[in-house]
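Chain residues, written in single-letter form:
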Amino acid sequence: SRMRRLGMMLSSSCNQSHLALVDVKGFDPCDICVTVKDGKVTVSAEHMEEQNTALGKTRIHRKFIKEFSLPPGVDDDEVTYSV
């Protein structure tokens, strides 16, 4: 379950002082980009698909961006993440 996975993540990061979870449901891991620069973490995802139907083409474009500042004293190089 989702709560069990969250508990496992929290217990596996017991040395860490901070944990952030970002919901990127609906995006493939290859669609997701995480950057850490100048004290900010940016999580972005973009997905485009095109479908041919009897009535013509349908294009779907989804984009997601979330940015947050690192806590004081946390260096950009100390940040780890996983998808």
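Residues numbered from 1 in each chain as written. Predicted model: local features only at pLDDT ≥ 70, side-chain atom pairs only at ≥ 80, totals over all residues. Heavy atoms only, no water.

Take the overall build of the protein chain next. In terms of regular secondary structure, the protein chain is built from 1 helix and 3 strands. Start at the N end of the protein chain and walk to the C end: the helices and strands fall as α-β-β-β. Sorting the 83 residues of the protein chain into buried and exposed places 14% on the buried side. For the protein chain, the proportion of contacts with a sequence separation of at least 24, taken over those separated by at least 6, is 40%. (Helix = DSSP H or I, 4+ residues; strand = E, 2+ residues; numbered from the N terminus. Buried < 20%, exposed > 50% of the residue type's maximum accessible area, 1.4 Å probe, protein only. Contact = heavy atoms within 4.5 Å.)

Here is the key point about a regular strand: its side chains alternate between the two faces of the sheet. Note that strand β2 (residues 40-53) and strand β3 (residues 56-69) share 14 bridges and pair antiparallel. Note that in β3 the partner of histidine 47 across the bridge is arginine 62. Connecting the antiparallel pair β2 and β3 is a turn made up of 2 residues. (Pairing = 2+ DSSP bridges.)

Moving on, we get to the confidence of the model for the protein chain. On average, residues of the protein chain score 81 in pLDDT, and 77% of them are at 70 or above. Ranking the helices and strands of the protein chain by mean pLDDT puts strand β1 (residues 32-37) first, with 92, and helix α1 (residues 2-12) last, with 53. Counting interchain partners and residues more than four positions distant, the pLDDT-below-50 stretch residues 10-14 has 2 contacts. (pLDDT = per-residue confidence, 0-100.)

Across the sheet, which stays open at both edges, the 3 strands sit in the order β1-β2-β3 with antiparallel pairing between neighbours. With one partner strand each, in any of the chains shown, β1 and β3 form the two edges of the open sheet. Each strand of the sheet is rotated relative to its neighbour by a mean of 15 degrees, with strand direction disregarded. (Axes fitted to C-alpha atoms, helices over the stretch in contact; angles between N-to-C directions.)

Further remarks concern the packing of aromatic side chains. Across all of its chains, the model carries 1 aromatic pair by this definition. Aromatic side chains phenylalanine 27 and phenylalanine 64 sit 6.5 Å apart centroid to centroid with 50 degrees between the ring planes, which places their arrangement in the tilted category. Here phenylalanine 27, found in the loop between α1 and β1, pairs with phenylalanine 64, found in strand β3; they are 37 residues apart in sequence, far enough to count as distant. In this arrangement the basic side chain of arginine 62 is found over the ring face of phenylalanine 27, its NZ or CZ atom lying 4.9 Å from the centre. (Phe/Tyr/Trp six-rings, centres within 6.5 Å; stacked < 30°, edge-to-face > 60°. Lys NZ or Arg CZ within 6 Å of the ring centre and 35° of its normal.)

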